[in-house]
Amino acid sequence: MTANHAVERTLGVGILGAGPVTQAIHLPPLARLRNLLTVRHIMDVDAAVAESVAARVGATHSTSIEALLGDPEVDVVAICSPHQFHAEQVIAACRAGKKAVLCEKPFAWNAEEAAEISAVSQETRVPIIVGAMHTFDPGWLAAEANWGDLPETAHTIRSSIVLPPNARFEDFATEIITRPASGTPDYTDAEVIKGMLRGGIMGLAIHDLPLVRRFTPDFALVEVLEARIVRPFGYIISLRTPTRTIELRAAMNNTWKPEWSFEAFSDDAAVRIDFTPSYVQAGSATATFSRAGETTVHGPFDHNGYEGEWRELAALAAWAKQPPSPQNLIDDLTFALDIAEATAAAVDADHKVGQPVREGAHA
């Protein structure tokens, strides 16, 4: 085959971290997008896991970030490692000259790291997206195109999540090679409660907080009114700003009917977006608008946010789309961190923190 007839190769994907998120969330949509993206390299500190997961997709494997970033077959990088490594790995991927970076949430653990990432992204011109999958869901994008002035006029915003534990969906999605061990937390320990609330905000609510912030123009003035955990894992958090009431609720138990919804209400209109549960790969969210007694439904569409974020990354790597604003990513992260910190402060201020936490509450 001559050079004139050579077929341009797909973008090569390198993945840092081969745990359940990579195995159950990212590999399935990448398999459906073979016309755009090909997994070329998988890195994990556990050599056996890296080798086994890479074998599923015919990729190179390693235990070294330097090996992956130095691989000329890798054009874009997905960072699926533990949270504490995200910032340094995002920066390293940018400096390695890759075309685009997808980082699982959160992409940084404090405002200083976020600012450094923003500066490096602008310096290297490497676009970064964060894996808050709902922002890439066609159902959310359809809502965005049709909501009119609702973000400016809404007074109440609600995120409600009822899910089985992640392991249940992971096992439906794929055969997980490794899974971190877990124990039973001490629900009477204030530090444990704060840790569970922070984990719930930064690990679960964070998927919807960019959506909440879109409807909260005064997000910098957020205040926690109430925060408590729900056993075995979950939270009920009430927030307010000068113009908005915000409710964040989640429960992860052995429920038979998963639900993940986002709602916003004004005096004369409302939107409800019903997302597919975590790890479910088929179909998008559905957006339902209610205005003046009329109901309009958008969706479902043929793919969801997991696939949507990879489509976005491929477009950014090809310079087919304008990169997202680094300030927007920073504001999303700051909003989540502010809520997490204010929630921890509310627990400290609650003189009842040592009493048993209500068990089995439904979000």
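Report follows, based on the coordinates. (Residues numbered from 1 in each chain as written. Predicted model: local features only at pLDDT ≥ 70, side-chain atom pairs only at ≥ 80, totals over all residues. Heavy atoms only, no water.)

1. Describing the packing of aromatic side chains
- In this structure the tally under the stated criterion is five aromatic pairs.
- When the ring of Trp140 is compared with that of Phe262, the centres are 5.9 Å apart and the planes differ by 85°; the resulting orientation is edge-to-face. Taken together, the residues span a long stretch of sequence, with Trp140 in helix H6 (residues 138-146) and Phe262 in strand S11 (residues 259-265) at a distance of 122 residues.
- Residue classification places Trp140 among the buried positions, given a relative accessible area of 4%.
- Here the aromatic rings of Phe219 and Phe335 are separated by 5.8 Å at their centres, their planes lie at 80°, and the arrangement is edge-to-face. With Phe219 in the loop between helix H10 (209-214) and strand S8 (223-229) and Phe335 in helix H12 (residues 326-349), this pair connects stretches of sequence that are 116 residues apart. For the pair Phe219 and Phe335, one class covers both residues: buried. (Phe/Tyr/Trp six-rings, centres within 6.5 Å; stacked < 30°, edge-to-face > 60°. Helix = DSSP H or I, 4+ residues; strand = E, 2+ residues; numbered from the N terminus. Buried < 20%, exposed > 50% of the residue type's maximum accessible area, 1.4 Å probe, protein only.)

2. A look at the pattern of salt bridges
- For the structure on display, the rule yields 16 salt bridges.
- Between Asp75 and Arg9 there is a salt bridge whose closest N-O contact spans 3.0 Å. Taken together, the positions of Asp75 in the loop between helix H3 (65-69) and strand S4 (76-79) and Arg9 in the segment before strand S1 (11-16) put the pair 66 residues apart, joining distant regions of the chain.
- In this structure Asp75 comes out as buried when scored by relative accessible area, which is 8%.
- What makes Arg9 partly exposed here is its relative accessible area of 39%.
- With a closest N to O distance of 2.8 Å, Glu307 and Arg311 form a salt bridge. With Glu307 and Arg311 both in helix H11 (residues 305-317) and four residues apart, this pair spans about one turn of that helix.
- For Glu307, a relative accessible area of 7% translates into the label buried.
- By relative accessible area, which is 35% here, Arg311 ends up partly exposed.
- Residues joined in a network through salt bridges with shared partners are Arg158, Glu247, Glu259, Glu263, Arg272 and Asp274. (Salt bridge = Lys/Arg side-chain N within 4 Å of Asp/Glu carboxyl O.)

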